[in-house]
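# Close look at the chain arrangement
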Amino acid sequence: VIAPRRNQVVYAPSSGMVADLQAEQGHVVSQGQHLLTIVSHELESRIRSLSAELKELEQQKELLSLEVYDRSLIPQKNEEVTQVQAELATALKQMEQNRLKAEVPGTIYEWDEHLREGMFVAKDTVLGSIARPLDTIVHAYVPEDRVQDVAVGDEAEYYSGADFQTIKGRITNIEPIRREHLAHL
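The paragraphs below set out a description of the structure included in this document. Since this is a predicted model, take the numbers as computed values, not measurements. (Residues numbered from 1 in each chain as written. Predicted model: local features only at pLDDT ≥ 70, side-chain atom pairs only at ≥ 80, totals over all residues. Heavy atoms only, no water.)

Read across the open sheet, the four strands follow the order β6-β5-β3-β8; overall the sheet is antiparallel. Looking at the sheet topology across the chains shown, the edges are occupied by β6 (99-101) and β8 (120-121). The pairing of strand β5 (residues 34-39) with β6 spans three bridges and is antiparallel. From the neighbouring strand, Thr37 faces β6, where its bridge partner is Arg99. (Pairing = 2+ DSSP bridges. Helix = DSSP H or I, 4+ residues; strand = E, 2+ residues; numbered from the N terminus.)

Written out as structure tokens, the structure is:
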């Protein structure tokens, strides 16, 4: 099994409309490069609402501090402010997560060819994948009676019967027990 050493599956972290689309299949991207933004009007509305609520709570706190007998209510108001600040921080973090960026440098080798700006995407929709095509790892199976013939650090070559390519590298790990499922698949 040949797999990229580092791979990113690009997916929609929340539902919304595609905006600022700057990615397509075959593009070479650097780590941190902007790919697209998922615009959620519901999330934007929530942020506006929480910001207004926070402003109102701060004004209420200020008014409470003017009267001596109202000052005992300030700790309760502080708790409300802290709660709204936490909710706002969570919403802002989610908005930042909706600005999708390349987490790994490489080539966009899979991309939804129907994806367009203004299109609605559902949460967790897979949009594409990024990897370095030549930075691969080969998972090979060695017959049990030949395991003693290989060691970590040995040079290895993989010959592809399909396209007659050769991949050269070093053995980095030997699993003495056969696995049914590999972690990367």
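Read on for the rest.
A few words on the nonpolar core. Ranked by internal contacts, the top residues of the largest apolar core, which has 17 residues, are Leu35, Leu36, Trp111, Leu127 and Ile130. Elements that contribute at least two residues to this core include exactly β5, β7 (106-111) and β9 (126-131). Per-element accounting of this core gives the leading share, three residues, to β5. Ignoring any residue separated from it by four or fewer positions in sequence, one finds Leu36 in contact with Val18, Ala19, Asp20, Leu21, Asn98, Arg99, Leu100, Trp111, Leu115 and Leu127. (Core = buried A, V, L, I, M, F, W, Y, C linked by side-chain atoms within 4.5 Å. Buried < 20%, exposed > 50% of the residue type's maximum accessible area, 1.4 Å probe, protein only. Contact = heavy atoms within 4.5 Å.)

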